[in-house]
Amino acid sequence: MLNLECKAAVVLSCTDDKRYSQWIDYTTKTWKLLGVDPILVTVGFSLPSTSFYESYEIENTYNVPDSSLAQLVRLFYPAICIDYDTVIIADIDQIPSSK
């Protein structure tokens, strides 16, 4: 079980593929309601940060598909999240249902 007394964040990433980007608002708001700060990393497009999530854009200058880069970013981005006690990685289309 996640100890939400610590400062926690969840790293989510996605491309501009509508199959996944349509879930951004639902997923980030749900994580925020659970007391976890959503960090959204987008690949190939940008979104402004909102009261529900911090947003960062990664430009794909490599010869890899955007979807692969989004997966790699999600795995490695937590290494620079030094302001948090706990960092979770999750898929943008997986909405948490409880603490």
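Now for a description of the structure that goes with this document. Per-chain numbering applies: the sequence of each chain, read as written, is numbered from 1 onward. Only residues with pLDDT of at least 70 are given local features in this predicted model, and only at 80 or more are side-chain atom pairs given and counted; all residues enter the totals for whole chains, interfaces and linings. The basis for the side-chain values is all heavy atoms of the structure; hydrogens and waters are excluded.

### Brief notes about the pairing of strand β1 (residues 8-14)
Then comes step 1: The buried fraction of β1 is high, at seven of seven residues.
Then comes step 2: Burial along β1 is two-sided: A8, V10, L12 and C14 facing one way and A9, V11 and S13 facing the other are all buried.
Then comes step 3: Pairing geometry for β1 and strand β4 (residues 86-89), over four bridges, is parallel. Within β4, the residue paired with V10 across the bridge is I88. Think of it in three bands: with a 1.4 Å probe and only protein chains considered, a residue is buried below 20% of the maximum accessible area for its type, exposed above 50%, and partly exposed in between. Strands are runs of DSSP state E lasting at least 2 residues, helices are runs of H or I lasting at least 4, and numbering of each runs from the N terminus. Pairing between strands requires that DSSP locate at least two bridges from one strand to the other.

### With respect to the pairing of strand β2 (residues 37-43)
Looking down a regular strand, the side chains alternate between one sheet face and the other.
Then comes step 1: Within β2, seven of the seven residues are buried, leaving the element largely enclosed by the surrounding structure.
Then comes step 2: Covered by surrounding structure in β2 are D37, I39, V41 and V43 together with P38, L40 and T42, the residues of both alternating faces.
Then comes step 3: Sheet topology places β1 next to β2; six bridges connect them, and they run parallel. Along β2, the bridge assignment pairs V10 with P38.
Then comes step 4: Bridge count between β2 and strand β3 (residues 54-58): five bridges; the pairing is parallel. Looking at the pairing, V41 lines up with Y56 of β3.

### Some points on helix α3 (residues 66-76)
Then comes step 1: Of all the residues in α3, the buried ones are L69, A70, V73 and R74. Down the axis of α3, the buried side of the element spans an arc of 140 degrees, and every buried residue falls inside it. Those residues of α3 that are exposed and aimed more than 90 degrees away from the buried face are L75 and F76.
Then comes step 2: Buried residues along α3 sit against β1, β2, β3 and β4. What the arc describes is the spread of directions from the helix axis to the C-beta atoms. Two residues form a contact once any of their heavy atoms are found within 4.5 Å.

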